[in-house]
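Chain by chain, the residues:
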Amino acid sequence: MDRLQAMQVFMRVVETNSFSKAAETLSLAPSSVTSIIKNLEAFLDVRLLQRTTRRLNLTADGTEYYDRCRQILHFIEETEASLHSTTRQPKGRLRIDMPGSIGRMIVLPKLAEFERRYPDIELMIGLTDRTVDLIQEGVDCVIRTGSLADSSLVAKRIGLLHWVTCATPEYLREHGEPKSIEDLQRHRAVNYFSCSTGRVMPFFFRVEGKDTPVQMQGNLAVNQSEAYLACGLEGLGLLQLSAYNVIPHLKSGRLVPVLKEFQAPPLPVSLMFPHNRHLSPTVRAFVDWASEVFDNDVSVRAMPGADVAANNSSGLLVANH
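Residues numbered from 1 in each chain as written. Predicted model: local features only at pLDDT ≥ 70, side-chain atom pairs only at ≥ 80, totals over all residues. Heavy atoms only, no water.

### Things to note about the overall build of the chain
Under the convention used in this document: Going along the chain from the N terminus, every DSSP run of H or I of four or more residues is numbered as a helix, and every run of E of two or more is numbered as a strand. Any residue under 20% of the maximum accessible area for its type is buried, any over 50% is exposed, and the rest in between are partly exposed; the area is computed with a 1.4 Å probe on protein chains only. The contact criterion used throughout is that any non-hydrogen atoms of two residues lie within 4.5 Å. Per-residue and other accessible areas were derived by the Shrake-Rupley procedure at a 1.4 Å probe size, with only the shown protein chains allowed to occlude residues.
Across its full length, the chain holds twelve helices and 15 strands. Within the chain, buried positions represent 43% of all 321 residues. Considering only contacts in the chain between residues 6 or more positions apart, those separated by 24 or more positions represent 76%. For the chain, the accessible area works out to roughly 16,900 Å², and carbon and sulfur atoms hold 50% of it.

### Side note on helix α9 (residues 225-233)
Side chains of residues three or four places apart in an α-helix project in the same direction, reflecting 3.6 residues per turn. Among all positions of α9, only Ser225, Tyr228, Leu229, Cys231, Gly232 and Leu233 are buried. The elements touched by buried residues of α9 are α5 (100-107), β8 (188-192), β9 (203-207), β11 (217-222), β12 (239-242) and α10 (243-252). Positive phi shows up at Gly235, right after α9, with a value of about 75°.

### Here's the deal with the pattern of salt bridges
Short version of the rule: Salt bridge, as applied in this entry: a Lys or Arg side-chain nitrogen positioned within 4 Å of an Asp or Glu carboxyl oxygen.
Following the criterion strictly, the structure yields twelve salt bridges and no others. Between Asp211 and Arg206 there is a salt bridge, with the nearest N and O atoms lying 2.4 Å from each other. Connected via shared salt-bridge partners are Glu113, Arg117 and Glu292.

### Structural notes on the nonpolar core
Within soluble globular proteins, side chains that are nonpolar generally end up buried alongside one another. Here is the rule we go by: By nonpolar core is meant a set of buried Ala, Val, Leu, Ile, Met, Phe, Trp, Tyr and Cys residues that side-chain atoms within 4.5 Å join together.
Core analysis: the largest hydrophobic core is formed by 28 residues, its most contacted members being Val107, Ile143, Leu271, Phe286, Trp289 and Phe294. Where this core is concerned, the elements lending two or more residues are β3 (92-98), α5, α6 (111-117), β5 (141-145), β6 (153-161), β14 (267-274) and α11 (281-295). No other element matches α11, which puts eight residues into this core. Ignoring any residue separated from it by four or fewer positions in sequence, one finds Trp289 in contact with Val107, Lys110, Leu111, Glu113, Phe114, Arg117 and Tyr118. Ranked by size, the runner-up nonpolar core spans 27 residues in total, among them Ile181, Ala189, Cys231 and Val258.

### Some thoughts on the sheet that holds strand β13 (residues 256-257)
Stated precisely, the cut-off is as follows: Pairing between strands requires that DSSP locate at least two bridges from one strand to the other. All axes are obtained by fitting lines to C-alpha atoms, using only the stretch in contact for helices, and the reported angles, taken between N-to-C directions, cover 0 to 180 degrees.
Ordered in space as β12-β7-β13, the three strands form an open sheet in which the pairing is antiparallel. The sheet is open, and its two edges are formed by β12 and β13, each paired on a single side. Summarising the sheet, strand β7 (residues 163-167) and β12 pair through four bridges and their orientation is antiparallel. From the neighbouring strand, Thr165 faces β12, where its bridge partner is Gln240. α10 rests against β7, β12 and β13 of the sheet, and its axis sits at about 115° to β12.

### Describing the side chain of Thr168
Of note, Thr168 is situated in the loop between β7 and α8 (169-175). On the basis of relative accessibility, which here comes to 2%, the residue Thr168 falls in the buried class. The contact partners of Thr168, leaving out residues within four places of it in the chain, are Gly232, Leu233, Gly235, Arg254 and Leu255.

### Let's talk about the packing of helix α1 (residues 3-16) against helix α2 (residues 19-26)
For clarity, the cut-off: Comment on the angle field: the value is read as roughly parallel under 35 degrees, roughly antiparallel over 145, roughly perpendicular from 65 to 115, and oblique elsewhere. Should the near helix be turned anticlockwise from the far one by less than a right angle, the crossing is left-handed, and should it be turned clockwise, the crossing is right-handed. The classification used treats Ala, Val, Leu, Ile, Met, Phe, Trp, Tyr, Cys and Pro as nonpolar, Asp, Glu, Lys and Arg as charged, and all other residues, Gly among them, as polar.
Where α1 contacts α2, the axes come no closer than 8 Å and their chain directions differ by 125°. When the interaxial angle is binned, α1 and α2 end up oblique. In this structure, α1 crosses over α2, and the sense of that crossing is right-handed. Contacts between α1 and α2 involve Val9, Arg12, Val13 and Thr16 from the first element and Phe19, Lys21, Ala22, Thr25 and Leu26 from the second. Grouping the amino acids of the contact of α1 with α2 by side-chain chemistry returns five nonpolar, two polar and two charged.

### Side note on the packing of aromatic side chains
How we decide: Each Phe, Tyr or Trp ring, with Trp reduced to its six-membered ring, pairs with another whose centre is within 6.5 Å; inter-plane angles below 30 degrees give stacked pairs, above 60 give edge-to-face pairs, and intermediate values give tilted ones.
Counted by the stated rule, this structure contains seven aromatic pairs. A centroid spacing of 5.1 Å and a plane angle of 70° characterise the contact between Phe114 and Trp289, whose relative ring orientation is edge-to-face. Linking Phe114 in helix α6 with Trp289 in helix α11, this pair joins segments that are 175 residues apart in sequence. Here Phe114 and Trp289 have matching classes, each one buried. What links up through ring pairs into an aromatic cluster is the set Phe114, Tyr118, Phe286 and Trp289.

### Quick notes on the pairing of β5
With respect to burial, β5 is a largely interior element, four of its five residues being buried. The sheet contact formed by β3 and β5 spans two bridges and is parallel. Bridging across to β5, Asp97 finds its partner in Val142. Relative to β14, β5 runs antiparallel, the two being bridged by four bridges. In the sheet register, Arg144 faces β14, and the bridge partner there is Ser270.

### Notes on the confidence of the model for the chain
If pLDDT is low for a region, its predicted coordinates should not be looked at in detail. Filter applied, for reference: By definition, pLDDT measures how confident the predictor is in each residue, and it falls between 0 and 100.
When pLDDT is averaged along the chain, the result is 84; 88% of the residues meet or exceed 70. Counting interchain partners and residues more than four positions distant, the pLDDT-below-50 stretch residues 302-321 has 56 contacts.

So this is what it looks like as structure tokens:
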């Protein structure tokens, strides 16, 4: 029995609370995971897990063994990372998740450069607007936007998401250009609703130094950023979305910015990963590369009127998932 593999499988079963999910995230057959855990319990001569029809529970021995496994595997990762040098390229599979629009507009166009730099890393990239549970789904690293609260994840800020409120020239000719927040009562918008909650998201503005949400009127709401932009380009209402999505359309004149003096403050864009991944050479390679990509992209760097100091914050912090 490969005891190191058995420890890794046991930890993943505990973290996902599922034999099948552990098998999926480790690219193993479910029968293999079941067999490994049975052999591990037989080898240790203890019961590690109490299995019920609904969930798995650690026994007292299982809890102690899990804590020891975490320490041992962390020490192994730390040792391997300390031996890593510039002459040894990071290698292995790396599972990443990010919002679809960020992936398509910023990250994917630069992937050829990543492959040239790290030819031995196999990337699995998920593009979704839903919130991914890194531990449950076996994801190594995610890109997220917005303020981050305390939790078990480590985060590194890599950029700023700048809001732009805009509409097509045709829409503005028909309905007039809003000059104040009060004018928005006479306008309709393409609305965006959350994939996780189903709630329609408000527009945000900065009014007299305060962040002000405005629930917009509209007969149309979507939950995907490309669809949202496409509806706006058809003149179906006002839009409020990130600069990297609209800069080409602002340059071409297909969209016109409005209410620029009330622009909401930018949101941070962060890379996030579990504590036990931060020493992994593959995770470190992606974090460093993605930081460069965002730093070189004007649409997610500090822009005139934005908080430059926030963009220069490069330290690690604890963040939520």
